[in-house]
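Analysis of the macromolecular model
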Amino acid sequence: MANITFPKDLRWGAATAAYQIEGASTKGGRGLSIWDTFSHTPGKVRNGDNGDIACDSYHRYKEDIQIMKELGIDIYRFSVSWPRIFPEGTGEINQEGLQYYHNFVDELLANGIEPMCTLYHWDLPQALQEKGGWNNREVVDAFAHYSKVMFQEFHGKIKKWITINEPWCVSFLSNYLGDHAPGNTDLQLAVNISHNLMLAHGKAVTEFRNLSIDGEIGYAPNVEWIEAFSRKQEDIDACNRGMGYFMEWFFDPVFEGNYPTFMLNWFEKKGVTLEIADGDMDIIKQPIDFLGINFYTGSVGRYKEGEGLFDLERIDIGYEKTDFDWNIYPEGFYKVLLKIKDQYGDVPIYITENGACYNDGVEHDRVKDERRIEYLKQHLVSIKRSIDSGVNLKGYLTWSLLDNFEWAEGYNKRFGLVHVDFDTLKRTKKDSYFWYEKVIRNGGYEI
Ligand code: FCB
């Protein structure tokens, strides 16, 4: 038995996103988003599921906030549905949408929970997709405007802001791999969009700084660790490309003001080029106040000609897996955090997502999800190791508070500390919820 204890000032939290939990997709003057369109297109989401009702948190937020309070978290990450604020993406503001988030944030604050607000967690207004979506620089400006409205409206109440959640998913997963809305499969398009997203981030940060309001702003890339199978240079290079896709591609522009040459060269080999307008990199390269990191999985990889986009073969050496079939790779979490520190310095870090999919159901009012507890234990060890190694880690937010609409997987993949019955919408706290509550209360656990 060993004690794993955390600094007293480490912030503890949980995370969700609007389209995954709110439901009420046609209520309160909300416009449509690309996820409404995508999920209502046959064949795009497992079982034809959609977020029309989801967890119905739009109506049940008070109940959810009590669940958070009893959990003892002091920070909650949620996202704002852009089409609730601007049903057409830009133009007329929907006051009812603003009011909803005021009520919600006021309720959080009244219960002593700090809001951390993500401005873009994937629900682009459909009206903007019709103008070309993130491939159109007008959409970048629309995002900056929406962000500014949110900063002006909520300053003083919301002090932690995240511009874009997982720019890799928004660009490559959604526009090259085609798995997420809008479902394109065009590498050039995905690369263009990745740049526009970074620009959108930079423009939102500019708006934030210009208003000189109290608070902090950052963004939240998803990262993975890919361990080289051997010390052969070709294996190391292939893994670096695989990780560069998630990390350097989205980190270098912000921290260094340029895109990594090894990735630019590789994309060029694939017939893809990146056009950068004058001044873009200055907008992107602005100091941020914190970096959000989303981590779930990792793997071992080696060079294999023609394999995937990067000549990289992932080797399954028999990892245990979650019910999403993602490898459990907690050492990768530690290595990723050290890599970020070594390459980009002591930027304050919040773990904005980390958690596991296990589909255990309710039996006699109880959910015995020991495997989630085990996953969290292992990953929190990596957090402890990174703090002891000098990583400037400010907070840990687990994904997710509730089981919810898991994008292309619909309701078939459960990440919550709280079980949701999607027929009755009943919430049942899982064993992992009670475990996490104790970790927060005691500032650690025994392993
Ligand atoms: C991340 C997303 C989040 C959730 C988890 C499981 O990529 O940001 O919304 O779906 O994966």
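Keep in mind that what you see is a predicted model, and the values were worked out from it rather than measured. (Residues numbered from 1 in each chain as written. Predicted model: local features only at pLDDT ≥ 70, side-chain atom pairs only at ≥ 80, totals over all residues. Heavy atoms only, no water.)

Re empty space enclosed by the protein
By the definition in use, this model includes two cavities of 30 Å³ or more. By volume, the largest cavity is sized at about 110 Å³. In terms of lining, the largest cavity is formed by 15 residues, of which the most central are Ile21, Tyr76, Phe78, Tyr100 and Phe104. Breaking the lining of the largest cavity down by element, the ones donating at least two residues are α1 (18-21), α3 (57-71), β3 (75-79) and α5 (95-110). The element contributing the most residues to the lining of the largest cavity is α3, with four residues. When the residues that make up the lining of the largest cavity are grouped by side-chain class, the tally is ten nonpolar, three polar and two charged. In terms of lining residues, the second largest cavity is bounded by Ala18, Tyr19, Glu22, Gly23, Ser25, Arg30, Gly51, Ser81, Arg84 and Asp123. When grouped by side-chain class, the residues that make up the lining of the second largest cavity number two nonpolar, four polar and four charged. (1 Å grid on protein atoms, 1.4 Å probe; cavity = no way out; pocket = protein on both sides within 12 Å on 5 of 7 lines; lining within 4 Å. Points joined across faces, edges and corners; volume = space filled by probe spheres on them. Helix = DSSP H or I, 4+ residues; strand = E, 2+ residues; numbered from the N terminus. Nonpolar A, V, L, I, M, F, W, Y, C, P; charged D, E, K, R; others polar.)

Describing the layout of surface pockets
Reported here for the largest pocket is a volume of approximately 1,000 Å³. Taken together, 43 residues make up the lining of the largest pocket; nearest its centre are Trp168, Leu173, Glu224, Phe246 and Trp326. For the lining of the largest pocket, the secondary structure elements donating two or more residues are α8 (167-175), β7 (222-228), β8 (290-303) and β9 (312-315). Broken down by element, the residue count for the lining of the largest pocket peaks at five residues, all from β8. Its residues assigned to classes, the lining of the largest pocket shows 21 nonpolar, twelve polar and ten charged.

Considerations on the packing of helix α15 (residues 370-388) against helix α16 (residues 431-442)
Following both chains from N to C, one finds α15 and α16 inclined at 30°, their axes separated by 9 Å at the closest point. Taken together, α15 and α16 sit at an angle that is classed as roughly parallel. Within the contact between the two elements, α15 uses Arg372, Ile373, Leu376, Lys377 and Leu380 and α16 uses Asp431, Ser432, Trp435 and Val439. Taken together, the residues of the contact of α15 with α16 break down into five nonpolar, one polar and three charged. (Axes fitted to C-alpha atoms, helices over the stretch in contact; angles between N-to-C directions. Parallel < 35°, antiparallel > 145°, perpendicular 65-115°, else oblique. Contact = heavy atoms within 4.5 Å.)

Description of the pattern of salt bridges
Under the criterion given, the structure shown has 33 salt bridges. Residues Arg137 and Asp280 are paired through a salt bridge, measuring 2.9 Å at the closest nitrogen-oxygen approach. Remark: Asp280 occurs in helix α13 (residues 280-284) and Arg137 occurs in helix α7 (residues 137-154); sequence separation between them is 143 residues. Arg137 sits in the partly exposed class, given a relative accessible area of 35%. The partner of Arg314 in a salt bridge is Glu224, and the shortest N-O contact between them spans 3.2 Å. In this pair, Arg314 sits in strand β9 while Glu224 sits in strand β7, placing the two residues 90 residues apart along the sequence. Three or more residues are tied together by salt bridges with common partners; here these are Arg11, Asp74, Glu114, Lys160 and Glu216. (Salt bridge = Lys/Arg side-chain N within 4 Å of Asp/Glu carboxyl O. Buried < 20%, exposed > 50% of the residue type's maximum accessible area, 1.4 Å probe, protein only.)

Overview of the UniProt feature "binding site: substrate" (unreviewed entry) in the protein
UniProt's entry tags Gln20, His121, Asn165, Tyr296, Trp399, Glu406 and Trp407 with the feature "binding site: substrate" (unreviewed entry), counted in the numbering of this structure. Filtering the just-named annotated residues for those lining the largest pocket gives Gln20, His121, Asn165, Tyr296, Trp399, Glu406 and Trp407. Tracing the sequence through the fold places His121 in the loop between β4 (114-120) and α6 (126-129). Assessed through its relative accessible area of 2%, His121 is described here as buried. Not counting the four nearest positions on each side in its chain, His121 is found in contact with Ala17, Gln20, Arg77, Ser79, Asn165, Glu353, Trp399 and Trp407. Position of Glu406 among the secondary structure elements: in the loop between β11 (393-399) and β12 (418-420). (UniProt positions renumbered as here; feature names shortened; annotations may be inferred.)

A closer look at the pairing of strand β10 (residues 349-353)
With five of five residues buried, β10 is to be regarded as a mostly interior element. Pairing geometry for β8 and β10, over four bridges, is parallel. Bridge pairing in β10 links Ile293 to Ile351. As defined by bridge partners, β10 adjoins β11 across three bridges and the pair is classed as parallel. Each bridged residue has a counterpart across the sheet, and for Tyr350 the counterpart in β11 is Gly395. (Pairing = 2+ DSSP bridges.)

Focus on the site of the ligand
The environment of the ligand is formed by Gln20, His121, Trp122, Asn165, Glu166, Tyr296, Glu353, Trp399, Glu406, Trp407 and Phe415. Take Glu166: an N or O atom from its side chain is 2.5 Å from an oxygen atom of the ligand. Between the ligand and Glu353 there is a distance of 3.0 Å, counted from an oxygen atom to a side-chain nitrogen or oxygen. When the ligand sits alone it has 290 Å² of accessible area, and the protein chains cover 95% of it. With respect to the pocket detection grid, the ligand is positioned in the largest pocket. For the shell around the ligand, the per-class residue count stands at five nonpolar, three polar and three charged. (Near = heavy atom within 4 Å. Polar contact = N/O pair within 3.5 Å; in protein donor to acceptor, adjacent residues only side chain to side chain. Areas by Shrake-Rupley, 256 points an atom, 1.4 Å probe, with all protein chains shown as cover. Sits in = over half its atoms within 2 Å of the grid points.)

Things to note about the environment of His102
Within the element layout of this structure, His102 appears in helix α5. Of the residues examined, His102 reaches a relative accessible area of 10% and is grouped as buried. Through-space distance from the C-alpha of His102 to that of Lys157 is 8.9 Å; in sequence the pair is 55 residues apart. Those residues in contact with His102, other than ones at most four positions away along the chain, are Glu153, Phe154 and Lys157.

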